[in-house]
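Results of the structural survey
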Amino acid sequence: MAIKERVGVVVSTKMDKTAVVAVENRSPHPKYGKIVVKTRKFKAHDPENQCQEGDRVRIRETRPLSKTKRWEIKTILTAH
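Residues numbered from 1 in each chain as written. Predicted model: local features only at pLDDT ≥ 70, side-chain atom pairs only at ≥ 80, totals over all residues. Heavy atoms only, no water.

In the nomenclature of an unreviewed UniProt entry, the protein corresponds to Small ribosomal subunit protein uS17 from the organism Crocosphaera chwakensis CCY0110. Annotation of the protein in UniProt includes, under Subunit (unreviewed entry), the sentence "Part of the 30S ribosomal subunit." (UniProt positions renumbered as here; feature names shortened; annotations may be inferred.)

Written out as structure tokens, the structure reads:
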């Protein structure tokens, strides 16, 4: 099984060593064809607290680190 990766925008860094990343999924509606944007938020591990709100980051799936944290920051693509 491959490790999942997602690209999203950091929306919160208020927790210690954790960033909340919003990932957009754009897909056409099955019947009408209009592009529908769905957003999911993932809590990602950020050990050095180097992310800031507005940064575009790549996250990858990892073992459970806490009750809700199952992702880690792999790279910062664009800094805010």
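There is more to say after this.
1. Comments concerning the nonpolar core
If you look at the biggest cluster of nonpolar residues, it comprises 11 residues: V10, A19, V21, V23, F42, A44, C51, V57, I59, W71 and I73. Ranked by residues supplied to this core, first place goes to strand β2 (residues 18-28) with 3 residues. Setting aside anything within four residues of it in sequence, one finds A44 in contact with K17, T18, A19, V21, I59, K69, W71, E72 and I73. (Core = buried A, V, L, I, M, F, W, Y, C linked by side-chain atoms within 4.5 Å. Buried < 20%, exposed > 50% of the residue type's maximum accessible area, 1.4 Å probe, protein only. Helix = DSSP H or I, 4+ residues; strand = E, 2+ residues; numbered from the N terminus. Contact = heavy atoms within 4.5 Å.)

2. Points about the pattern of salt bridges
Considering all chains together, one arrives at 4 salt bridges under this definition. Among the ionic pairs, E5 bridges to K74, the shortest N-O distance being 2.7 Å. Within this pair, whereas E5 is found in strand β1 (residues 5-12), its partner K74 is found in strand β5 (residues 71-78), the two being separated by 69 residues in sequence. Notably, a salt bridge pairs R60 with E72, separated by 2.6 Å at the nearest N-O pair. Of this pair, R60 sits in strand β4 (residues 56-61) while E72 sits in strand β5; the two residues are 12 residues apart in sequence, bridging distant segments of the chain. Its relative accessible area of 31% is what places R60 among the partly exposed residues. (Salt bridge = Lys/Arg side-chain N within 4 Å of Asp/Glu carboxyl O.)

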